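Chain residues, written in single-letter form:
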Amino acid sequence: MDTIYQAQISYSQFLSETGKPLQPLPDWTGQPDTLVRYYRNMVLARQLDNKIIALQRTGQMGTYASLLGAEAIEVVLGDLMQRDDVLVPYYRNHALQMLRGLSLADMLRYWGGDERGNASPAMGEDFPNSVPIATQALHAAGVATAIKIRGEKRAVVTVCGDGATSKGDFLEALNVAGVWQLPVVFMVNNNQWAISVPRSIQCCAPTLAQKAIGAGIRGEQVDGNDVIALHESIAAALKHAREGKGPTLIEAISYRLSDHTTADDATRYRSNDELKAAWEREPIKRLQTFLHEQQWWDELQETAWQKEVSQIIQQGLDDFLQQPAPPVEDLIDYLYAELPEALQEQRQRLIRNAQPGGNHHE
Ligand SMILES: Cc1ncc(C[n+]2csc(CCOP(=O)(O)OP(=O)(O)O)c2C)c(N)n1
Ligand SMILES: [Mg+2]
């Protein structure tokens, strides 16, 4: 019997959990700029995340999907994607969306249930958040097809979770990206949980990256808490896409340090020990230790940055809280080109009820 095909999946990590280099580091890490920017952006993302959860707890925010633990993936993608690349995001990419130009206030609006936040001109040709799982992978393949037909040198990046990789949409998108050699990067934020379903019972394959092999495309695994490993992998995948050499699947190993959303309570299905162990690997402390050792970051800078971040967040928050709510008919107005009769009646009723003294129980 002959072996007719063999494949390997690489895993890359540069910094240990305690911030020590595990192998020679790439040249660009010899200068502080990029790494310090990654650090600052991760701190901003985390402080913002804490703030939004606090707002939700006090009734000032809708149901919110925390990005705690995914900061490294967000900031590296945000840095390496060019303005004319296209982001096709899911619901844990709001730091990335902000790095691509979405204002903090608009991001808050979206999570506050105000769709105007999802339609900001600052998003350019980026897509709005996808809440339906994995459908965005197909949208990304569609956009990448258009880019390919036009002969443009742009990449499409789509992000999804580990759970999403079990869906037909995801596998179909990989397949078409392979046969048509589309300029797309599939970033899987493998945070080990799909709500209460652990990675171990999500899929029998030892890696999710190996799903790329079935589609004949590049696939690799990286430490999703290590900005250097992410940078190397993402930069290569984007270059590959922009040069017309085809798609890449990157499986970034992270951990969802939060509940699934503010509507979830993860203590009901996962152990404290597992969570504690995951905190040892989280991305911010690791990079902070490395930066301290290089003498590129110190306590004074930390305090100053934390303070500046609080001010940035407060400004966005003031803007969000001061803007009046959208008109109630917005609920209906963008659903149809021509509104069916039954909805016209409902629309009128909504408007009447929203007026002061309106009968809310009609
Ligand atoms: C098509 C579809 N089915 C089910 C859901 C409900 N749902 C919301 S999040 C989620 C789990 C997704 O897990 P994963 O892909 O790992 O992403 P994570 O939330 O962990 O980042 C499910 C099943 C949905 N939003 N869309
Ligand atoms: Mg997940």
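Preceding block: the structure.
Overview of the structure. (Residues numbered from 1 in each chain as written. Chains lettered and ligands numbered in written order. Predicted model: local features only at pLDDT ≥ 70, side-chain atom pairs only at ≥ 80, totals over all residues. Heavy atoms only, no water.)

### Things to note about helix 5 (residues 135–150)
Compared with an ideal rise of 1.5 Å per residue, which puts 16 residues at 22 Å, helix 5 spans 24 Å between its outermost C-alpha atoms and is within 8% of the ideal. Among all positions in helix 5, only Gln 136, Ala 137, Ala 140, Ala 141, Val 143, Ala 144, Thr 145 and Ile 147 are buried. Contact partners of the buried residues in helix 5: strand 2 (86–88), strand 3 (156–161), helix 6 (168–179) and strand 4 (184–190). Just downstream of helix 5 lies Gly 151, where phi reads positive at about 70°. (Helix = DSSP H or I, 4+ residues; strand = E, 2+ residues; numbered from the N terminus. Expected span 1.5 Å × (residues − 1). Buried < 20%, exposed > 50% of the residue type's maximum accessible area, 1.4 Å probe, protein only. Contact = heavy atoms within 4.5 Å.)

### Structural notes on the site of ligand 1
Around ligand 1 sit 16 residues, and of these Tyr 90, Tyr 91, Arg 92, Gly 163 and Trp 193 come closest. A distance of 3.1 Å separates a nitrogen atom of ligand 1 from a polar backbone atom of Ile 133. Between ligand 1 and His 260, the relevant distance is 3.5 Å, taken from an oxygen atom to a side-chain nitrogen or oxygen of the residue. Residues that form the shell around ligand 1 fall into these classes: nine nonpolar, four polar and three charged. (Near = heavy atom within 4 Å. Polar contact = N/O pair within 3.5 Å; in protein donor to acceptor, adjacent residues only side chain to side chain. Nonpolar A, V, L, I, M, F, W, Y, C, P; charged D, E, K, R; others polar.)

### Topic: the sheet that holds strand 3
Sheet strands pair by backbone hydrogen bonding; their relative direction is either parallel or antiparallel. The parallel open sheet is built from six strands, whose spatial order is 1-7-8-4-3-2. Across the chains shown, the open sheet's two edge strands, defined by having one partner strand only, are strand 1 (11–12) and strand 2. The pairing of strand 3 with strand 4 spans six bridges and is classified as parallel. The residue bridging Val 156 from the neighbouring strand is Val 184, located in strand 4. Along the sheet face, helix 6 touches strand 3, strand 4 and strand 8 (248–253) and points at about 150° away from the line of strand 4. (Pairing = 2+ DSSP bridges. Axes fitted to C-alpha atoms, helices over the stretch in contact; angles between N-to-C directions.)

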